[in-house]
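Observations on chain architecture
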Amino acid sequence: MRSIGLFGGTFDPIHSGHLHLAQRAMEVCHLDEVVFVPSASPPHKPQEKITSFHHRVAMLKLALQNTSQYRISEIEASISPPTYTIDMFSNLLATAQADTEYFFILGLDAFLDIPSWKEYKKVIRTVHFIVSSRPGFKKSQFLRCIEFLQYQKSREHWVNRGSGRKVFYLDDHGMDVSSSKIREMISNQEAVQKHIPSAVLKYIQENNLYVSEISCI
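So, here is what we can say about the structure in this document.

On to the packing of aromatic side chains, then. This structure, assessed with the given rule, holds 12 aromatic pairs. Here phenylalanine 11 and phenylalanine 36 contribute two aromatic rings whose centre-to-centre distance is 5.6 Å and whose plane-to-plane angle is 55 degrees, an arrangement assigned as tilted. Highlighted residues: phenylalanine 11 in the loop between strand E1 (2-9) and helix H1 (16-29) and phenylalanine 36 in strand E2 (residues 33-38), separated in sequence by 25 residues. With relative accessibility at 2%, the residue phenylalanine 11 sits in the buried group. Relative to tyrosine 70, the ring of phenylalanine 36 has its centre 5.4 Å away and its plane inclined at 65 degrees; by these criteria the two rings are edge-to-face.

Listed below in structure tokens is the structure:
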């Protein structure tokens, strides 16, 4: 059985927190690979404030170019906007092999919003989840959400009573840095070298990204 991580997000830009979370997810859940899925038209963000899709994909390619177990899917570019998670899953997993399990990687802030997602009950029947703790959010919030979504504790993870899908919780604050903070720092001409790969920083500078205005989260 192959285990594939699906890491969705705007990646505007990709940063060290994303890379740390991908690596931790691989280690904890013994994933064979992680597929980064950049959002094309996320329904919860003002479209005019998101850096163009081709720039975000280009930065992803630079950040992941030396890691054979990471790859990128541009599937959301072919989905009519807005691109909901369930639509991404339906398109991406349409040709999924029977011997493959999929794990959706996301931060606790996003996980807590699942009850508001389009067809969220179908979402939690489709994949397992790997949830990373986030600064400003408490594990008690995670536990309340888990209970609402009808997951039960089972050793090192939680299992959904209906679907049998699992949730793993990574309590190590690997995502302390945020893309919005990096954009703000670049706009203010502050040093960001420790937060993003050097090739990504060079691309940002060459294309004058994030210098004129601060994008929304």
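With that settled, consider unusual backbone geometry. Cis geometry marks the peptide bond from aspartate 12 to proline 13, where omega comes out at 5 degrees. The topology assignment puts proline 13 in the loop between E1 and H1. The residue after proline 81, namely proline 82, is reached through a cis peptide bond having omega -10 degrees. Relative to the helices and strands, proline 82 is located in the loop between strand E3 (70-72) and helix H3 (85-92). You will see that histidine 30, though not glycine, has its phi angle at about 55 degrees, which is positive. Mapped onto the elements, histidine 30 comes out in the loop between H1 and E2. A positive phi angle, close to 60 degrees, is found at glutamine 189, a residue other than glycine. With respect to the helices and strands, glutamine 189 occurs in the loop between helix H7 (179-187) and helix H8 (198-206).

Side chains carrying opposite charge are able to pair once their charged atoms draw close together. One pass over the structure, following the stated rule, counts six salt bridges. For glutamate 33, the salt bridge identified is with arginine 71, shortest N-O distance 3.0 Å. With glutamate 33 in strand E2 and arginine 71 in strand E3, the pair connects residues that are 38 residues apart, well separated along the chain. Taking relative accessible area as the criterion, glutamate 33 reaches 13% and is therefore assigned buried.

Before going further, it helps to spend a moment on the nonpolar core. In this structure, Leu31, Val34 and Phe36 are the most contacted members of the largest nonpolar core, which totals 34 residues. Listed by contribution, the elements that provide at least two residues to this core are H1, E2, helix H2 (53-64), strand E4 (100-107), strand E8 (166-170), H7 and H8. Within the second largest apolar cluster, 31 residues are counted, among which are Val37, Ile75, Phe129 and Tyr169.

Conventions adopted
- In this convention, every chain numbers its residues from 1, walking through the sequence in written order.
- Only residues with pLDDT of at least 70 are given local features in this predicted model, and only at 80 or more are side-chain atom pairs given and counted; all residues enter the totals for whole chains, interfaces and linings.
- Processing note: side-chain calculations cover all non-hydrogen atoms of the structure and skip hydrogens and water entirely.
- Two aromatic rings, drawn from Phe, Tyr or Trp (for Trp, its six-membered ring), form a pair once their centres lie within 6.5 Å of each other, and the interplanar angle then sorts them: stacked below 30 degrees, edge-to-face above 60, tilted otherwise.
- Secondary structure elements are defined from DSSP: runs of H or I of at least 4 residues count as helices, runs of E of at least 2 residues count as strands, and each element is numbered from the N terminus.
- Only protein chains enter the accessibility calculation, which uses a 1.4 Å probe. A residue is then buried if its area is under 20% of the maximum for its type, exposed if over 50%, and partly exposed in between.
- A side-chain nitrogen of Lys or Arg and a carboxyl oxygen of Asp or Glu constitute a salt bridge if their distance falls within 4 Å.
- Only buried residues count toward a nonpolar core. Its members are Ala, Val, Leu, Ile, Met, Phe, Trp, Tyr and Cys residues joined through side-chain atoms within 4.5 Å.

This is a description of form; function is not addressed.
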